[in-house]
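What follows is each chain in one-letter form.
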Amino acid sequence: RHESEVLGFTDADLFSPFLAHGYREEDRWIVSKNRPVRDKIWFVPNNKRVLLCYLCSKAPLHDRAGRVIGIAGVMRDARSAGAVIGPYEDLKPAVDYLNSHFNESIAIEHVAAMVHLSASQFQRRFRALFQTSPIQYLLQLRIDSACQQLQRTALPIGSIAIENGFYDQSAFCRQFQKRVGLTPRQYRTRFGKNAKWTPSSQ
């Protein structure tokens, strides 16, 4: 509601570590390359933890000697971005379906039909727009939801796996560790509501 509510916080304070890592890596790239990023599509969770699409532009800030001392950025809701986001609008029904049904069994052919494309056409256009495949995007949604539950609830890991669309706990643990770098149990110990770790102590 007011900028004072976010001043002084980091990505890790406001988002799951899984998402915060991606945001920080982009910032590090801008600083190291001394180059701007324009109209990159990012998915950011709202207050109901649903990922929404934004266009993000960032640029390095320099001191008088030309050294990078910070980053300035702006985000625009993709739904109001006009022609810039036209390709996204074409796929919006499919993306909205993935966002709403990520914890269910989903056939790519079914999702592709929502936007009148074959599965192969849909996957090509999706990858060109989001720099990832529909399957990997779906997996990201599931992993982020699982991160939130591991942080905020005491649900058994097996229940979290099933609730987020994984076949079983073993499959969930493999994918989780591959993408997050920790097992679900390690993640809960480190970031859960009873954890003593804080982002500032890392």
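Since this is a predicted model, take the numbers as computed values, not measurements. (Residues numbered from 1 in each chain as written. Predicted model: local features only at pLDDT ≥ 70, side-chain atom pairs only at ≥ 80, totals over all residues. Heavy atoms only, no water.)

Trainee: Describe in detail a nonpolar patch on the surface, supporting the description with residues and values.
Mentor: Among the surface-exposed residues, V6, F9 and L14 lie close enough to one another that they form a single nonpolar patch of about 270 Å² accessible area. Mapped onto the fold, L14 is located in helix α1 (residues 11–14). (Patch = residues over 30% accessible without salt bridge, like charges linked within 9 Å, V, L, I, M, F, W, Y side chains within 5 Å. Areas by Shrake-Rupley, 256 points an atom, 1.4 Å probe, with all protein chains shown as cover. Salt bridge = Lys/Arg side-chain N within 4 Å of Asp/Glu carboxyl O. Helix = DSSP H or I, 4+ residues; strand = E, 2+ residues; numbered from the N terminus.)

Trainee: Tell me about the nonpolar core, residues and numbers included.
Mentor: Among the nonpolar cores identified, the biggest contains 25 residues, and L91, V95, L98, F122, F126 and F130 are the most heavily contacted of them. Secondary-structure elements contributing two or more residues to this core are β1 (37–45), β2 (51–62), α3 (86–101), α4 (108–114), α5 (119–130) and α6 (134–152). At six residues, α3 tops the list of elements feeding residues into this core. Beyond its immediate chain neighbours, meaning those up to four positions away, L98 contacts I106, V111, F126, Y137, L138 and L141. In this structure, L139, I143, I157 and Y187 belong to the second largest nonpolar core, which totals 14 residues. (Core = buried A, V, L, I, M, F, W, Y, C linked by side-chain atoms within 4.5 Å. Buried < 20%, exposed > 50% of the residue type's maximum accessible area, 1.4 Å probe, protein only. Contact = heavy atoms within 4.5 Å.)

Trainee: Describe the packing of aromatic side chains, and please don't skip the residues or the numbers.
Mentor: One pass over the structure, following the stated rule, counts six aromatic pairs. Ring geometry for F126 and Y137: centres 5.6 Å apart, planes at 55°, overall tilted. Placement of the pair is F126 in helix α5 and Y137 in helix α6, with a sequence separation of 11 residues. Overall, F126 belongs to the buried group, its relative accessible area being 0%. What makes Y137 buried here is its relative accessible area of 2%. Connected via pairs of aromatic rings, a cluster forms that spans F166, F172, F176, Y187 and F191. (Phe/Tyr/Trp six-rings, centres within 6.5 Å; stacked < 30°, edge-to-face > 60°.)

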